[in-house]
Amino acid sequence: MLTSQPRITNLSSDIQHVPTFRRSETINGGGKVTPFGHGFRSTVRANQKSIRAVISSEDSKTAANVVETSKGRNGLSDSSLKNSGIEVKAVITIRKKMKEKLVDKVEDQWESFMNGIGRGILIQLISEVIDPVTRSGKSVESCVRGLAKPSNHPYVVEYAANFTVPNDFGRPGAILITNFLDKEFYLVEIVVHNFSEGPQFFPANTWIHSRKDNPESRIIFKNQTYLPSQTPPGIKDLRREDLLSIRGNGKGERKLHERIYDYAVYNDLGNPDKSDELARPVLGGKERPYPRRCRTGRPPMKKDPSCESRIEKPHPVYVPRDEAFEEIKQNTFSAGRLKGLLHNLIPLIAATLSKSDNPFTCFSEIDKLYNDGIVLKDDDQKDAKNQFAANLMNQVFTVSGKLLKYDTPAIIKRDRFSWLRDNEFARQALAGVNPVNIELLRELPILSKLDPAVYGPPDSAITRELIEQELGGMSVEEALESKRLFILDYHDMLLPFIGKMNSLPDRKAYASRTIFFHTPRGIMKPIIIELSLPPSPTSQTNKRILSHGHDATMHWVWKQAKAHVCSNDAGFHQLVNHWLRTHACMEPYIIATNRQLSSMHPIYKLLHPHMRYTLEINALARQNLINGGGVIEACFSPGKYAMELSSAAYKSMWRFDLEALPADLIRRGMAEEDPSMPCGVKLVIEDYPYAADGLLIWSAIEDLVKSYVDHYYSEPNSITSDVELQAWWNEIKNKGHYDKKDEPWWPKLNTKEDLSGILTIIIWIASGQHAAINFGQYPFGGYVPNRPTLMRKLIPREEDSTYEKFLYHPEHTFLSALPTQLQATKVMAVQDTLSTHSPDEEYLNQLHHVQSTSIKDPEVLKIFQRFSSRLEEIEQIINERNKDIRLKTRNGAGIPPYELLLPSSGPGVTGRGIPNSISI
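Analysis parameters
For every chain, the first residue of the written sequence is number 1, and numbering continues from 1 along that sequence. Owing to the predicted nature of the model, reporting of local features is limited to residues with pLDDT of at least 70; listing and counting of side-chain atom pairs is limited to 80 or more, with chain, interface and lining totals taken over all residues. Hydrogens and water molecules were not included; the side-chain quantities draw on all heavy atoms of the structure. In this text, helices come from DSSP runs of H or I with a minimum length of four residues, and strands from runs of E with a minimum of two, each type numbered from the N-terminal end. Classification of residues uses two cut-offs on accessible area relative to the type maximum, computed with a 1.4 Å probe and protein chains only: under 20% is buried, over 50% is exposed, and between them is partly exposed. By definition in these notes, contact holds between two residues if any of their heavy atoms fall within 4.5 Å. Accessible areas in this description were obtained via Shrake-Rupley with a 1.4 Å probe; residue shielding takes into account the shown protein chains only. Under the convention used throughout, the expected extent of a helix is 1.5 Å for every residue step, that is, one less than its residue count. Each residue is assigned a bend, namely the angle between axes fitted to the seven residues that terminate at it and the seven residues that start at it. Identification of polar contacts relies on pairs of N or O atoms within 3.5 Å, with a donor-acceptor requirement for protein atoms, meaning one able to donate a hydrogen and the other able to accept it, and with residues adjacent in sequence counted only if both atoms are side-chain atoms. Working definition: rings of Phe, Tyr and Trp (its six-membered ring) pair if their centres are within 6.5 Å, and the pair is stacked with planes under 30 degrees apart, edge-to-face with planes over 60 apart, and tilted otherwise. For two strands to be treated as a pair, DSSP must find at least two bridges joining them. Note on method: axes are straight lines fitted to C-alpha atoms, helices fitted across the in-contact stretch only, with angles between N-to-C directions ranging 0 to 180 degrees. Surface patches are defined over residues having more than 30% relative accessible area and no salt bridge, joining like charges when they lie within 9 Å and nonpolar side chains (Val, Leu, Ile, Met, Phe, Trp, Tyr) when within 5 Å. By convention in these notes, a salt bridge is any Lys or Arg side-chain nitrogen within 4 Å of a carboxyl oxygen on Asp or Glu. Should an angle fall under 35 degrees it is taken as roughly parallel, and over 145 as roughly antiparallel, whereas 65 to 115 is taken as roughly perpendicular and any remaining angle as oblique. The crossing is said to be left-handed when, going from far helix to near helix, the turn is anticlockwise and less than a right angle, and right-handed when the turn is clockwise. Each residue gets one label: Ala, Val, Leu, Ile, Met, Phe, Trp, Tyr, Cys and Pro are nonpolar, Asp, Glu, Lys and Arg are charged, and the others, such as Gly, are polar. Only buried residues count toward a nonpolar core, which is a set of Ala, Val, Leu, Ile, Met, Phe, Trp, Tyr and Cys residues joined through side-chain atoms within 4.5 Å.

Peer 1: What is the right way to read the overall build of the chain from this model?
Peer 2: Scanning the chain for helices and strands turns up 29 helices and 20 strands. Sorting the 920 residues of the chain into buried and exposed places 60% on the buried side. Long-range pairs, those at least 24 residues apart, make up 76% of the contacts in the chain with a sequence separation of at least 6. Surface exposure of the chain reaches about 36700 Å², of which carbon and sulfur atoms provide 52%.

Peer 1: Teacher, can you tell me more about helix α22 (residues 723-736) here?
Peer 2: Count 3.6 residues to each turn of an α-helix, and residues three or four apart come out pointing the same way. Spanning 14 residues, α22 covers 18 Å between terminal C-alpha atoms, matching the ideal 20 Å at 1.5 Å per step. Along α22, the sharpest kink reaches roughly 25°, centred on Asn730. Among the residues making up α22, those that are buried are Glu724, Leu725, Gln726, Trp728, Trp729, Glu731, Ile732, Lys733 and Gly736. Elements in contact with the buried residues of α22: α5 (236-247), β10 (263-264), α15 (552-596), α16 (602-607) and α23 (752-774). The backbone nitrogen of Glu724 has a side-chain oxygen 3.2 Å away, supplied by the residue at the start of α22, namely Asp722.

Peer 1: Would you take a moment to explain the packing of aromatic side chains for this structure?
Peer 2: For any pair of aromatic rings, geometry is given as the distance between the ring centres together with the angle between the planes. Scanning the model with the defined rule gives 29 aromatic pairs in all. Judged by centre distance (6.5 Å) and plane angle (40°), the ring pair of Tyr370 and Tyr783 falls under tilted. With a gap of 413 residues between them, Tyr370 in helix α7 (residues 363-371) and Tyr783 in the loop between α24 (777-781) and α25 (803-808) connect regions that are remote in the sequence. Accessibility classification places Tyr370 together with Tyr783 in one group, the buried group. Centre to centre, the rings of Trp419 and Phe814 are 6.1 Å apart; their planes meet at 25°, and the pair counts as stacked. Taken together, the positions of Trp419 in the loop between α9 (410-413) and α10 (422-431) and Phe814 in helix α26 (residues 810-817) put the pair 395 residues apart, joining distant regions of the chain.

Peer 1: Would you take a moment to explain the sheet that holds strand β1 (residues 86-95) for this structure?
Peer 2: Within a sheet, adjacent strands bond to each other through the backbone by hydrogen bonds, running parallel or antiparallel. Taken together, the five strands give an open sheet; going across it, the order is β4-β5-β1-β7-β8, and neighbouring strands pair in antiparallel fashion. What marks the edges here is a single partner per strand, and that holds for β4 (145-150) and β8 (200-208). Each adjacent strand pair in this sheet contributes to an overall mean axis angle of 25°, direction not counted. Where β4 lies against strand β5 (residues 156-165), three bridges are found, and the strand directions are antiparallel. Across the sheet, Lys149 pairs through a bridge with Glu158, a residue of β5.

Peer 1: What is the right way to look at a nonpolar patch on the surface in this model?
Peer 2: Together, Trp110, Phe113 and Ile117 line one region of the surface with nonpolar side chains, adding up to about 310 Å² of accessible area. Within the secondary structure, Ile117 sits in the loop between α4 (102-116) and β2 (121-130). Judged by relative accessible area, Ile117 falls into the partly exposed class, the value being 33%.

Peer 1: For this particular structure, what's the right way to read the packing of α15 against α23?
Peer 2: The packing of two helices is summarised by the inter-axis angle and the distance between the axes. It is at 10 Å that the axes of α15 and α23 come closest, and there the two elements cross at 155°. One element, α15, and the other, α23, form an angle in the roughly antiparallel class. Note that α15 runs across α23; the crossing there is left-handed. Across from His573, Asn577, His578, Arg581, Thr582, His583, Met586 and Tyr589 in α15, the residues of α23 making contact are Ile762, Ile765, Ala766, Gln769, His770, Ile773 and Asn774. A class-by-class count of the residues in the contact of α15 with α23 yields six nonpolar, eight polar and one charged.

Peer 1: I would appreciate a short explanation of the pattern of salt bridges in the present structure.
Peer 2: It is possible for side chains bearing opposite charge to pair when their charged atoms get close. In total, this model carries 48 salt bridges according to the counting rule given. Between Glu799 and Arg797 there is a salt bridge, with the nearest N and O atoms lying 3.5 Å from each other. What makes Glu799 exposed here is its relative accessible area of 62%. Through salt bridges with shared partners, one network takes in Asp268, Arg293, Arg298, Glu308 and Arg622.

Peer 1: I'm lost on the pairing of β8 in this one. Help?
Peer 2: Two faces belong to every sheet, and in a regular strand the side chains alternate between them. Most of β8 sits out of view: seven of its nine residues are buried. Relative to β8, strand β7 (residues 185-193) runs antiparallel, the two being bridged by seven bridges. Looking across to β8, one finds that Tyr186 is bridged to Trp207. Linking β7 back to β8 in an antiparallel pair, the connection comprises six residues, with Asn194 at a positive phi of about 85°.

Peer 1: In this structure, what is going on with the nonpolar core? I would like to understand it.
Peer 2: Most often, soluble globular proteins keep nonpolar side chains buried together rather than apart. Among the nonpolar cores identified, the biggest contains 178 residues, and Phe656, Tyr690, Trp728 and Leu755 are the most heavily contacted of them. At 20 residues, α15 tops the list of elements feeding residues into this core. Grouped together as the second largest cluster of nonpolar side chains are 28 residues, Ile94, Phe163, Phe169 and Ile177 included.

Peer 1: Explain the side chain of Arg427 to me, please; I cannot follow it from the model alone.
Peer 2: Position of Arg427 relative to the elements: it lies in helix α10. For Arg427, a relative accessible area of 5% puts it in the buried group. A polar atom in the side chain of Arg427 sits 2.8 Å from the side chain of Glu424. Apart from residues no more than four positions distant in its own chain, Arg427 is found in contact with Ile411, Gly432, Phe780, Lys888, Thr889, Ile895 and Pro896.

Peer 1: Please explain the pairing of strand β14 (residues 511-518) as it appears in this structure.
Peer 2: Most of β14 sits inside the fold, with eight of its eight residues counted as buried. Burial of the side chains of β14 extends over both faces: Ala511, Arg513, Ile515 and Phe517 are buried on one face and Ser512, Thr514, Phe516 and His518 on the other. Inspection of the sheet shows strand β13 (residues 485-489) paired to β14 by five bridges, in the antiparallel sense. Paired with Asp489 across the strands is Arg513, a residue of β14. Examined bridge by bridge, β14 and strand β15 (residues 524-533) share eight bridges and lie antiparallel to one another. The residue of β15 that forms the bridge with Thr514 is Ile529.

Peer 1: What is the right way to look at the packing of α15 against helix α19 (residues 642-653) in this model?
Peer 2: Between α15 and α19, the least distance of the axes is 10 Å, while the angle of their chain directions is 65°. In terms of their interaxial angle, α15 and α19 are classed as roughly perpendicular. Both α15 and α19 take part in a crossing whose hand is right-handed. Facing α15, whose interface residues are Phe572, Leu575, Val576, Trp579, Leu580 and Cys585, α19 presents Ala642, Met643, Leu645, Ser646, Ala649, Tyr650 and Met653. Broken down by class, the residue content of the contact of α15 with α19 amounts to twelve nonpolar, one polar and no charged.

Peer 1: Would you take a moment to explain unusual backbone geometry for this structure?
Peer 2: Among all residues except glycine, the phi angle is most often negative; among peptide bonds, the trans geometry is most common. Residue Pro445 is bonded to the preceding Leu444 through a cis peptide linkage, with omega at 0°. Topologically, Pro445 is positioned in the loop between β12 (439-440) and α11 (452-455). Despite not being glycine, Cys679 shows a phi value in the positive range, around 70°. As for its position among the elements, Cys679 is in the loop between β17 (671-673) and β18 (681-683). Given the relative accessible area of 23%, Cys679 is considered partly exposed.

Peer 1: Explanation requested: the environment of Leu704 in the structure shown.
Peer 2: Relative to the helices and strands, Leu704 resides in helix α21 (residues 689-712). Since its relative accessible area comes to 3%, Leu704 is described here as buried. Here the alpha-carbon distance between Leu704 and Arg870, two residues 166 residues apart in the chain, equals 9.9 Å.

Functional significance is not addressed by these values, which are geometric in nature.
What follows is the structure in structure tokens.
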């Protein structure tokens with residue numbers, strides 16, 4: 001998403017009645033306008049319902065009614081214009097497509113011609129000052145006229161419109177722009193010259209719809225920041241009307257050109273009309289609570305009217321127009337999707353030709369994905385039935401054999417065998433792609449909170465005696481007291497789903513608990529893994545305890561146990577920590593921000609860079625990734641129950657207040673409250689890269705937000721009296737997170753401290769938190785044995801018929817339990833794409849550049865500059881930490897440095913960089 005300003009859409013269809021506002025025909029009374037042709041002028045007069053800027057009752061006691069006048073919007077007579085006025089010029093900057101087809105070039109020529117003769121774009125300047133006659137903001141209008149002028153940018157052109165403005169016009173506060181062309185255009189900005197205060201900037205970065213799609217004009221506000229109570233009288237009601245137009249009326253199917261933000265439940269994941277196997281429950285409601293998504297309003301399914309009909313690729317899912325990917329992002333993402341398609345297509349065709357989807361049979365077959373790529377055997381291409389597929393493959397290989405090769409993931413680039421070691425398994429719990437689930441083990445015994453009548457006795461099979469055997473002479477009490485025991489616990493979250501998951505074809509999983517010991521030498525290592533299955537008629541406790549052992553058999557059993565833990569960790573990471581806690585939970589914040597905060601509001605301007613592209617990427621995920629039969633179901637252990645698991649986690653675990661990094665660390669026992677420390681916490685393990693680096697980023701965001709809020713909310717009660725701000729927070733709680741609206745833990749919004757805390761959480765989630773758990777997906781998950789996303793077999797036991805085969809060929813048993821070649825290459829393609837930075841990415845350390853176009857207050861720009869300087873210092877600190885030989889989780893032979901929270905990055909799969917927003 002780009003830095004869009006709210007737009008006016010078709011109020012006649014989306015808003016049934018707008019009290020206070022009235023509309024009048026547009027009269028070319030105020031501007032120095034060369035007349036349109038008769039037909040065009042008639043259309044303007046008869047059909048264009050311009051937005052009126054009407055003085056509110058609180059601005060004038062006498063403004064009880066709107067005065068309609070034939071003098072036009074500015075309320076000035078022709079004679080007054082002739083006797084007094086200044087000439088001003090508006091320069092309109094429009095961006096063209098980077099890649100144009102022949103038809104696009106022809107259309108460009110036609111649009112240039114229409115603009116040249118003054119029949120393409122109408123501009124109206126609205127003053128901040130009230131006209132005493134009309135009680136509305138003074139106004140003049142003109143049409144864009146003349147040839148387009150090229151700019152310094154190859155894809156940007158400029159047009160001009162000239163105005164005669166009365167001497168008492170005041171400063172312009174808004175511009176109404178009407179597009180009479182046949183299609184939309186992308187407006188970068190409008191700059192109005194020759195006012196005494198200097199150039200007046202109106203940043204837009206928005207799509208201007210054609211009047212054929214929507215007869216309403218768009219409102220573009222100046223780069224001035226106003227709280228609602230500070231809004232100049234001339235544009236006060238424009239501010240309200242602009243917000244009303246964005247909200248819609250909750251009815252009808254949304255059209256792609258619209259910019260309506262509204263809420264809906266997740267009722268578009270399944271497709272029962274296509275197949276009963278693709279039916280999925282609705283997420284959102286008492287039974288399956290979930291955050292709300294952006295409403296699309298498509299017709300209901302025939303078989304299940306509670307579900308919305310689906311739009312399948314390549315057709316786009318609706319998002320408000322300015323939320324869609326920019327062209328450069330589209331090209332990058334399309335390239336990624338193409339690469340994913342090729343990565344998927346080849347093994348898919350290979351599997352079809354060989355009549356089976358094969359598992360890996362040796363480690364060298366995995367290595368070939370990076371060294372040789374995937375090729376088809378000549379014998380497979382001789383089948384006449386598959387000649388088309390063979391020809392297609394020949395074309396692909398002719399283009400480039402390298403298209404089918406994967407880059408070597410970072411986890412094995414320095415050390416091919418690191419994934420085999422216990423200390424690497426433990427290191428990734430602190431410095432991997434999912435370092436947010438490890439907790440301090442506070443007490444023994446470990447007890448389940450599940451219903452014992454359903455899931456058996458609550459006591460874990462991990463006893464004090466078992467733990468003490470692994471502590472090298474240290475007692476359990478001493479280990480607990482010195483905070484050296486930690487746990488990765490997926491037992492209660494997964495056990496209710498294990499029976500259903502294991503009933504799926506080629507899916508086998510356990511509910512796992514893993515105990516780690518942080519040795520006195522500062523090394524974290526796993527010591528015990530508990531693997532649980534649901535109770536059976538013959539056994540109420542299906543729990544298996546494993547440790548690393550010292551003989552060959554236990555070595556391979558332990559390796560399989562770790563793989564099952566990694567599979568659980570991968571699924572929980574993707575469905576809960578990544579999708580739910582960042583993508584899905586961020587969506588309601590974005591919808592509420594656009595619906596309730598004017599683009600002139602300081603909090604809107606603060607949050608705007610952190611909302612870019614998120615709705616679009618979430619819509620694509622609903623279409624292709626988390627949908628019934630999508631990649632997540634196909635490649636992760638929970639299968640068709642994946643999103644139900646995500647909903648269960650939202651119900652039992654999610655709390656807004658605990659999404660703050662310090663609060664989350666304290667909740668997990670990974671930090672202690674310490675007012676003397678930065679962020680008020682002290683880490684239990686100093687060598688915890690995600691937490692240590694994350695607290696630096698958190699602190700910088702917190703300082704930025706506090707300074708920003710202090711600047712704009714200097715008056716007493718300014719928070720509680722901000723009607724837009726209060727409506728925004730109420731909507732987040734009561735609509736966006738409707739299923740959690742009655743929870744007592746929601747923060748209040750009464751003080752500057754309250755607001756700063758809320759905003760810091762939102763910005764952290766969109767930037768640092770998402771970066772930490774997203775951009776390491778391919779570096780860590782791209783090597784399947786290190787982080788399998790599903791397991792297809794349980795660990796053999798002595799009484800199993802497969803046990804003899806396991807003893808004879810343990811490597812084959814291990815590999816046959818991993819994802820198949822098709823599943824592996826499919827998920828690798830997705831991880832590769834999701835780990836890729838786009839060339840147009842906007843990073844956290846560039847925030848001062850991003851904000852400089854929409855904010856002109858020099859004091860505020862200094863706040864952002866200080867923030868960027870602080871991030872440069874943080875980057876140096878992180879680089880130094882990665883060189884510190886005392887920090888074993890980020891330094892050592894073959895160990896990749898922890899760079900996921902370095903603020904800057906280049907494009908591609910870099911394993912570093914913090915974008916401002918959840919943009920992939």
